[in-house]
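Structural overview for review
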Amino acid sequence: MSTSPEVWAKRFGTVALGNAVIGILWLIFPIFIDTRIARTVAGGSVGTWGYLGFLLFGLIGFAGFTGFAFLYYIIPKLTGGTVNNLLSWLHLVLMEVGTLGATALLGLAGYIGGTTLLEETAKGTAAKDIPRIVHSKIAFVVEPIPTVAIFAGIAALGTLLGVITLFSAYRKKQV
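These numbers come from a predicted model, not from an experiment. (Residues numbered from 1 in each chain as written. Predicted model: local features only at pLDDT ≥ 70, side-chain atom pairs only at ≥ 80, totals over all residues. Heavy atoms only, no water.)

1. So, the overall build of the chain
Across its full length, the chain carries 6 helices and 0 strands. The helix and strand sequence of the chain, counted from the amino end, reads α-α-α-α-α-α. Here the chain has a C-alpha radius of gyration of 20 Å; the compact-globule value for 175 residues is 16 Å, and the former is much larger. Taken over the C-alpha atoms alone, the chain extends approximately 70 × 35 × 20 Å along its principal axes. Buried positions account for 37% of the 175 residues belonging to the chain. Split by element, the accessible area of the chain, about 9,600 Å² in all, is 74% carbon and sulfur. Across the chain, the centroid of the 12 positively charged side chains sits 12 Å from that of the 7 negatively charged ones. (Helix = DSSP H or I, 4+ residues; strand = E, 2+ residues; numbered from the N terminus. Rg over C-alpha atoms; globule rule 2.2 N^0.38 Å. Buried < 20%, exposed > 50% of the residue type's maximum accessible area, 1.4 Å probe, protein only. Areas by Shrake-Rupley, 256 points an atom, 1.4 Å probe, with all protein chains shown as cover. Lys, Arg positive; Asp, Glu negative; His and termini not counted. Charge placed at Lys NZ, Arg CZ, Asp CG, Glu CD.)

Structure, rendered in structure tokens:
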């Protein structure tokens, strides 16, 4: 069973807009709530993980879903094909779960690591000891289970399923 192109475009567009709201809330945090984040990013090191998480969330969570909303609309319209509902749902859910998980963990690790770096530097901790302290606080994102990589893999699997269903729409004509 297939669904009209408008329905899938609307679903992906809705997720993109929801992610835009999340991105705005994410942006409010360093501007109004904890301005130390800007220093952790400017200082380099682990604080840039937070920036990377935010940037990837904007690129994938908003722009990626917006692009797929367009593709889910335009490809069936131009080709007369249909998309597979199951694969489309898997695409939507897996890509969103993976994107939220990976980028949130990167952002959290960047925040925790960056603020720890600032705090330890301010306390006068020896520079050679700071990486060990920071790593102990953010290790949860990479060990013993590489959680960020798992979420990135989930997002990649969802994206692959979406590409497959969109390619199949080129050949699958409506009955």
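2. Describing helix α1 (residues 5–33)
Over its 29 residues, α1 runs 41 Å from end to end, which matches the ideal 42 Å to within 8%, given 1.5 Å per residue. The complete set of buried residues in α1 reads Pro5, Trp8, Ala9, Phe12, Val15, Ala16, Asn19 and Gly23. Where the residues of α1 are buried, they touch α3 (48–79) and α4 (85–123). (Expected span 1.5 Å × (residues − 1). Contact = heavy atoms within 4.5 Å.)

3. Quick look at helix α6 (residues 147–169)
Each full turn of the α-helix corresponds to 3.6 residues, which orients residues three or four apart in the same direction. If you check α6, its first and last C-alpha atoms are 33 Å apart, about what 23 residues at 1.5 Å a residue would give, namely 33 Å. Within α6 the residues assigned to the buried category are Val148, Ala155, Gly158, Leu161, Gly162, Thr165, Leu166 and Ala169. Structurally, α6 contributes buried residues whose contacts are with α3 and α4.

4. A closer look at the environment of Val7
One can find Val7 in helix α1. By relative accessible area, which is 28% here, Val7 ends up partly exposed. Between the C-alpha atoms of Val7 and Gly98, which are 91 residues apart in sequence, the distance is 22 Å.

5. Topic: the pattern of salt bridges
Under the counting rule described, the total for this entry stands at 3 salt bridges. A salt bridge links Glu6 to Lys77; its shortest N-O distance comes to 2.7 Å. Of the two residues, Glu6 is situated in helix α1 and Lys77 in helix α3; the sequence distance between them amounts to 71 residues. Relative accessible area serves as the criterion here: at 43%, Lys77 is assigned to the partly exposed category. We note a salt bridge from Lys123 to Glu120, for which the minimum N-O separation is 3.1 Å. Placement of the pair is Lys123 and Glu120 together in helix α4, with a separation of 3 residues, close to one helical turn. (Salt bridge = Lys/Arg side-chain N within 4 Å of Asp/Glu carboxyl O.)

Shape is all these values report; function is a separate question.
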